[in-house]
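Now for the letters of each chain:
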Amino acid sequence: MFGIQNPSTSQKIKQPRSIAFTNGQIFQGRITNLYPNDVATLTMNGIQLTARMEVALTVGQRYWFEVKEASGIPRLKIIDDNIKQRESSATTSTERLRQQLDLPSTKSMSTLLRLLSRNQLPFLKEDVLKGYTILRELNQLNERGYRTIMNMIKSSIHISREAFLSFQSMEKQPSLLAQITKLYHSLEPINTPASKEVRLLIENIIKPNYTQIIQSPITQLLAKLGENEGARQLLSRLGILKRETPIQEIFQTFERNFKNPTYREIVEKLWPETSTNRDLLNMNQLIRKVNIAAGKQGMGQLQQLLQLFHSPIRAEEVYAKWLQLPQASLSQEEKNVLQTILMTATPFNIQEAPGLHLKNLFLMLGLQYENDLASFFQGDLGQESIHSNRLKALLMMLTQHDLPENVSVQVKQSLVRLTGQQLLMHEQSGAFHQYLYQLPIVLGTYSTDLTLKWEGKKDDEGKLDPKYCRVLFYLTLAHLREIIIDVHIQNRIVQIDIYNDKERPDALLSLLLPPLRQALAIKDYQLSYVRWKHLHEQKDGQLIRREDRNKSQGVDIRI
């Protein structure tokens, strides 16, 4: 998916920081200390545990244990207390465990037990038996099948055929954005209310309305002309205006051309809604009313606007110079204006809309459909709330329709994909929680998948604690390409590590850090640092692989 392996589907199973046992779980551990009253400490994969035992043990020896009572100090039963004397290798110990548990006497079952032992995963006998049965029925008694079962056991996912297929659909599959986009196009010839509803919802997900209203930073600069000296200086740098031209003369030129019949066609295209009262508006008001999109999307309209200023430079040259502005030696007035535009030239209100938009995506995909269903049966939600605007619910209803084979396949694959994401979404070990989401997002005219991982604990009220947590963002951008943002929050102090193969954009960061610090302060957070690192650097002992670099130039300055 990205340069860093998905922690839920990585071949190497990484253990959680603590263990929360369930009655009936089986695991292998080594005794480290013995205490009075049948209490002992043991280690399992580097984690030290304290438990009560039923028989005498020997320090330093390894045993297979079954959890008889998980609450408080766990009470453990030794499955085979003679294993240390009779067996010496991992292979024979797992074979004897198979016999003790009365599991099928096959090479495949022994292989599965040996892999669970090697990765030191606690497991339930019934989960192993169900997993083995599913692998045999699906003809997946192979490395991929074993790995899927191990990851499901690690994530405490109920072992079933449907869950297995959903979980496996997340591995080496197209991105979620690619999956639902393909579904969107496959439904195009299906002229039914249900298919139209699904297409409309997908369109809202992959083509949100805000993509059309990202305002060009050039029009924002022009709107500040006469009000801010920094804006005038930047417009001169961009070649739009001459520095020596008086402000009043610039206004007069624009207003004269605005009323000139020669430019009527341009004016009507740029201001179609102001035909009745345009004479009452001044230049700044008119510029604020024009809707010119940022980037290539609005290049033609920007060229028309420049004609009203008699500007000699072409729109393409303006944007080329705009991308180089952060590297220029700017005055303080210019920096202040540029900071303001960089922080506002986005489709979001910086105070709250980004989080609200991600929440809406979460709801529209139907990733909490089952929770909504439970709320419906409890009377907390109406039927309309759980079915409308929820992609998973609509796809479940669409499977009941008579569809062409190719469309039916796309519907089922998308449904399995969403279910697989739900299975991977939440993992808990003791008080420690981990949430993993993948959401399709649109940044301007560029579409990508955002994988977001949240790690932390819940507070006394059972809510996620925003004061102590870690948030990781994985995504690919148009110019920066693959990027990982690692955010650590400790007692509301924020530390940010950015992993990317481009050189550190010092000039751009110097412009963005002050408003970022200010925005965090408004939310009662304190920014400690922002560090820029290359993707190949080590992080928490995990190697982040370097991918082929994209040679396109530029920096994404609207994120």
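Residues numbered from 1 in each chain as written. Predicted model: local features only at pLDDT ≥ 70, side-chain atom pairs only at ≥ 80, totals over all residues. Heavy atoms only, no water.

Asker: If you had to explain the overall build of the protein chain to someone new, which residues and values would you point to?
Answerer: What the protein chain contains, in helices and strands, is 22 helices and 15 strands. When the 559 residues of the protein chain are sorted by exposure, 49% land in the buried category. Of the contacts formed within the protein chain by residues at least 6 apart in sequence, a portion of 58% connects residues at least 24 apart. As presented, the protein chain carries roughly 28200 Å² of accessible surface, and 48% of it is formed by carbon and sulfur atoms. (Helix = DSSP H or I, 4+ residues; strand = E, 2+ residues; numbered from the N terminus. Buried < 20%, exposed > 50% of the residue type's maximum accessible area, 1.4 Å probe, protein only. Contact = heavy atoms within 4.5 Å. Areas by Shrake-Rupley, 256 points an atom, 1.4 Å probe, with all protein chains shown as cover.)

Asker: Tell me about the environment of Glu54, and name the residues and values.
Answerer: Following the sequence through the fold, Glu54 ends up in the loop between strand 3 (47-53) and strand 4 (62-69). A relative accessible area of 44% places Glu54 in the partly exposed class. Linking Glu54 and Leu76, residues 22 residues apart in sequence, is a C-alpha distance of 7.0 Å. Every residue in contact with Glu54, bar those within four places of it in the chain, is listed here: Lys68, Arg75, Leu76 and Lys77.

Asker: Would you mind going over the side chain of Ser110 in detail, with residue names and values included?
Answerer: With respect to the helices and strands, Ser110 occurs in helix 3 (residues 107-118). Taking the relative accessible area as the measure of exposure, Ser110 reaches 11% and is therefore buried. The residues touching Ser110, leaving out its near neighbours within four places in the chain, are Glu95 and Arg98.

Asker: Outline the environment of His401, supporting the account with residue identities and numerical values.
Answerer: With respect to the element layout, His401 can be found in the loop between helix 20 (391-398) and helix 21 (405-425). Judged by its relative accessible area of 39%, His401 falls in the partly exposed class.

Asker: Lay out the environment of Gly366 with the relevant residues and their values.
Answerer: Structurally, Gly366 can be placed in the loop between helix 17 (353-365) and helix 18 (369-377). Sequence separation between Gly366 and Asn389 is 23 residues; the distance between their C-alpha atoms is 8.1 Å. Ignoring any residue separated from it by four or fewer positions in sequence, one finds Gly366 in contact with Arg390, Leu391, Lys392 and Gln422.

Asker: For the pattern of salt bridges, give the residues involved together with the corresponding values.
Answerer: This model, assessed by the stated rule, comprises 14 salt bridges. Residue Arg161 pairs with Glu137 through a salt bridge whose shortest N-O separation is 3.6 Å. Highlighted residues: Arg161 in helix 6 (residues 161-169) and Glu137 in helix 4 (residues 125-137), separated in sequence by 24 residues. A relative accessible area of 43% means that Arg161 is categorised as partly exposed. A salt bridge links Glu334 to Arg237; the shortest N-O distance between them is 2.6 Å. With Glu334 in helix 16 (residues 332-344) and Arg237 in helix 10 (residues 229-237), the pair connects residues that are 97 residues apart, well separated along the chain. Taking relative accessible area as the criterion, Glu334 reaches 2% and is therefore assigned buried. Among the residues examined, Arg237 registers a relative accessible area of 34% and is labelled partly exposed. Here the residues in one salt-bridge network are Lys453, Glu455, Arg470 and Asp486, joined through shared partners. (Salt bridge = Lys/Arg side-chain N within 4 Å of Asp/Glu carboxyl O.)

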